[in-house]
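Summary of the model geometry
Here is how the chains run, residue by residue.
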Amino acid sequence: MAACPFRRSIAAQGVWSQGYGDMDFSPWLAHSVFRLLSRVLNLPPENLIKSISALPVSKKRPVADFQLFVGSVIENKSSDHSKPDLQLQTQRLAEKLKCDTVVREISTGPGTVNFTINRELLAKTVLQQVFKDGSEYGIKSELFSTLPRGKIVIEFSSPNIAKKFHVGHLRSTIIGNFVANLKEALGHHVTRINYLGDWGMQFGLLGAGFQQFGNEDKLKSNPLEHLFEVYVQVNKAAAEDENIKKLAQDFFRKLEARDEQILSMWQHFRDFSIEEYVRIYKRLGVHFDEYSGESFYQEKSQEVLKMLDARGLLQKTIKGTRVVDLSEKRDLSLCSTVMRSDGTSLYITRDLAAAIDRMMKYNCDTMIYVTDKSQNAHFEQLFQILKLMGYQWAERCQHVSFGLVQGMKTRKGEVVFLEDVLNEARSRMLQNMAAAKTTKELENPLETAEKIGLAALIIQDFKGLLSSNYQFSWDRVLQSRGDTGVFLQYTHARLHSLEQMCRDRQSTDINTACLQDPQAISILQHLLSYDEVLYKSSEDLQPKHIVSYLLTLSHLAAVAHKTLPVKGSAPEQAQARLRLFQAARSVLANGMKLLGITPVSQM
């Protein structure tokens, strides 16, 4: 169970003074709870960190701030405690605890002891912490104090060159970007790799096709569009003519043999493709530290085959292919083909070479691959072969898989290319913004619509489990109200406009007695649990925890914006409310950036 953002420097803190004037507030809220429990349970405070969590905001008010799960700290945890026994121990523990100047109320729930914090101290502590930590708010939590920071390599996106960026690569790109953002925020050294599909028999087919149907002028004017046309043409021809398949096989053999003319053609295809992809990545706000590809490992894959052979792992089939036996009984009931009968390499052979090369180059602690779940078996085999080769670091390799997007169409029909989707999202947002009465006059409406459209796509994608397929709906994804990326952007822009409008009232020294309304307390309590959400996402690499948190924060801010006006309120009250909304906007922006969303200041 996770902890709150103020659970750090616990052991170093002593008993505080009764006044609030010169205190360092950051660790005190949870420290007071820890101190009370530590004395009664005779446990060191650090043993309690993951047994206490901030309570989620509830429509039932009032609600406590922290909750101890008694079953996680009582003696003889391993024995079977009946519910009455656990509840009796819960009640007895609560009776031993006494309130103080920080803990205002102690109550019990089913197997829990709940703590309500002094409301003024809650407001002052949370707001101080948000602004003190800035973009690191929540990440500086005691929860992450024992997290080992290391080197992480993340491979994601990885489109096939000579083809326009297919919409199917959108998920890999934005999920990989999120994982990289999160890992970097937590203090890891991250290397982002785009492992291009730039080798293999498909290039034999494309090369043979270009020799038959290609046009140099069309290639220069619109390279990927023309290459796609050629690929469609040659596939159709190959289905009807066996000679085309033979030409494709011959082209790929020459490519692997480094034929100068063939290699030059392939290099042109590759250069054109990367130029196109970089432009698309810029629109997505995604960058890479390294562009590599299967071609880099064509020669090294031959070394891998020799290593497999030397270890007695390589077996020849009747068809002449080479395989690695992965079955438990070594009866070839489960095997992985690593070489074709003509001696050319396969995808998995090049992946083996790439993994070994990366580990030697980066000496990383973790290697993460982000691809769709249809490749689950491929990565299981990849990691298994690496282990058979004696590479124990294969245990530190991880496949982050995801499901498919269904029903994604533009007005023109079925979507094939990612750029069509991005253009469609931007176009629809421009129309919606033009039709909305609240839209402000913008300097660059196209850029704003682009950012909002991308936020809409990302939130729609990240709301559920990554491994699940989901049905795409333009009407649902672009709604300005409800649980959408548009609503997150609208909330951020609205809070930013409020700050700009009230710049003359901004003050860091506020009267927290002005923030005792239920709507203000709900926002403060929600801000209190931000690190728990980050912790959950760091554990399972699922962005849905952060998405859910940000949507709830936006809804709470929207309600408070209506019920707690800044304009027209007394100066002291206005300053306090403005500071609260600033804190909400700051955390909202932090979370959006982790997800790969650029917050807009106007819309």
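Residues numbered from 1 in each chain as written. Predicted model: local features only at pLDDT ≥ 70, side-chain atom pairs only at ≥ 80, totals over all residues. Heavy atoms only, no water.

1. A few points about the overall build of the protein
- The helix and strand inventory of the protein stands at 20 helices and 16 strands.
- Projecting the C-alpha coordinates of the protein onto the three principal axes gives extents of approximately 85 × 65 × 40 Å.
- Evaluated residue by residue, the protein yields a buried proportion of 55% over its 603 residues. (Helix = DSSP H or I, 4+ residues; strand = E, 2+ residues; numbered from the N terminus. Buried < 20%, exposed > 50% of the residue type's maximum accessible area, 1.4 Å probe, protein only.)

2. Here we look at the sheet that holds strand 12 (residues 397-402)
- Spatial ordering of the open sheet is given by 7-6-5-11-12, a layout of five strands whose pairing is parallel. Whereas interior strands pair on both sides, the edge strands pair on one side only; in this sheet they are strand 7 (290-293) and strand 12. Averaged over neighbouring strand pairs, the angle between their axes works out to 25 degrees when direction is ignored.
- Bridging between strand 11 (residues 366-372) and strand 12 involves six bridges; their strand directions are parallel. In the sheet register, Val-370 faces strand 12, and the bridge partner there is Val-400.
- Relative to strand 6 (residues 189-196), helix 4 (residues 169-185) is tilted by about 165 degrees, and along the sheet it contacts strand 5 (151-155), strand 6, strand 11 and strand 12.
- Relative to the sheet, helix 12 (residues 376-388) contacts strand 11 and strand 12, its axis offset from that of strand 12 by approximately 175 degrees. (Pairing = 2+ DSSP bridges. Axes fitted to C-alpha atoms, helices over the stretch in contact; angles between N-to-C directions. Contact = heavy atoms within 4.5 Å.)

3. Regarding unusual backbone geometry
- Positioned with a positive phi, Ser-158 is a non-glycine residue whose angle comes to about 50 degrees.
- In this fold, Ser-158 is placed in the loop between strand 5 and helix 4.
- For Ser-158, a relative accessible area of 18% corresponds to the buried category.
- Here the phi dihedral of Arg-330 falls at roughly 55 degrees; this positive angle occurs in a residue that is not glycine.

4. As for the pattern of salt bridges
- For the structure shown, the criterion picks out 23 salt bridges.
- Linking Glu-155 and Arg-358 is a salt bridge whose minimum nitrogen-to-oxygen distance equals 2.9 Å. Placement of Glu-155 in strand 5 and of Arg-358 in helix 11 (residues 347-362) is noted, with a sequence separation of 203 residues between them. Across the pair, exposure class does not vary: Glu-155 and Arg-358 are buried alike.
- The closest approach of N and O atoms between Asp-198 and Arg-270, which form a salt bridge, is 2.7 Å. In this pair, Asp-198 is assigned in the loop between strand 6 and helix 5 (201-213) and Arg-270 in helix 9 (residues 260-284), connecting sequence segments 72 residues apart. Neither residue differs from the other here; Asp-198 and Arg-270 are each classed as buried.
- Sharing partners across several salt bridges, the network here consists of Glu-276, Arg-279, Arg-283, Glu-419, Arg-426 and Glu-450. (Salt bridge = Lys/Arg side-chain N within 4 Å of Asp/Glu carboxyl O.)

5. Comments concerning the sheet that holds strand 2 (residues 66-69)
- What the four strands build is an open sheet, ordered 1-2-4-3; its pairing is antiparallel. At either end of the open sheet lies a strand with only one pairing partner, and these are strand 1 (52-54) and strand 3 (103-109). Across the sheet, the mean angle from the axis of one strand to that of its neighbour is 25 degrees, orientation sign disregarded.
- Bridge analysis of strand 1 against strand 2 gives three bridges, and the strand direction is antiparallel. Note on strand 2: the bridge partner recorded for Ser-53 is Gln-67.

6. Side note on the nonpolar core
- Counting 153 residues, the largest nonpolar core has Phe-115, Leu-527 and Leu-595 as its most contacted members.
- The leading source of residues in this core is helix 20 (residues 571-595), at twelve residues.
- When residues no more than four places from it in sequence are discounted, the contact partners of Phe-115 are Val-33, Leu-37, Ala-64, Asp-65, Phe-66, Leu-68, Leu-97, Val-103, Glu-105 and Ile-106.
- Counting residues in each nonpolar core, the second largest holds 34 residues, with Ile-356, Tyr-362, Met-367 and Phe-379 among its members. (Core = buried A, V, L, I, M, F, W, Y, C linked by side-chain atoms within 4.5 Å.)

7. What to know about the pairing of strand 12
- Of all six residues in strand 12, five are buried; the element is thus mostly enclosed.
- With helix 12 bridging strand 11 and the parallel strand 12, this β-α-β connection has right-handed handedness. (Right-handed = clockwise from strand over helix to strand, strands pointing away.)

8. Quick word on the confidence of the model for the protein
- Here the protein averages 88 in pLDDT, and 91% of its residues register 70 or above.
- Per-element confidence in the protein is highest for strand 5, whose mean pLDDT is 98, and lowest for strand 15 (residues 413-414), whose mean pLDDT is 58.
- Scored below 50 in pLDDT, residues 1-28 makes 89 contacts in the model with residues more than four places away or belonging to other chains. (pLDDT = per-residue confidence, 0-100.)

9. Topic: the environment of Gly-214
- With respect to the secondary-structure elements, Gly-214 resides in the loop between helix 5 and helix 6 (216-221).
- As for Gly-214 and Tyr-231, which are separated by 17 residues in sequence, their C-alpha atoms are 9.7 Å apart.
- Setting aside anything within four residues of it in sequence, one finds Gly-214 in contact with Gly-209, His-226 and Val-230.

10. Structural notes on the packing of helix 7 (residues 223-240) against helix 9
- It is the contact of helix 7 with helix 9, at a shortest axis distance of 9 Å, that shows an interaxial angle of 125 degrees. With respect to each other, helix 7 and helix 9 are oriented oblique. As helix 7 packs across helix 9, the resulting crossing turns out to be left-handed. Residues Pro-223, Leu-224 and Leu-227 of helix 7 form the contact with helix 9, whose own contacting residues are Phe-269, Phe-272, Ser-273, Glu-276 and Tyr-277. (Parallel < 35°, antiparallel > 145°, perpendicular 65-115°, else oblique. Left-handed = near helix turned anticlockwise from the far one by under 90°.)

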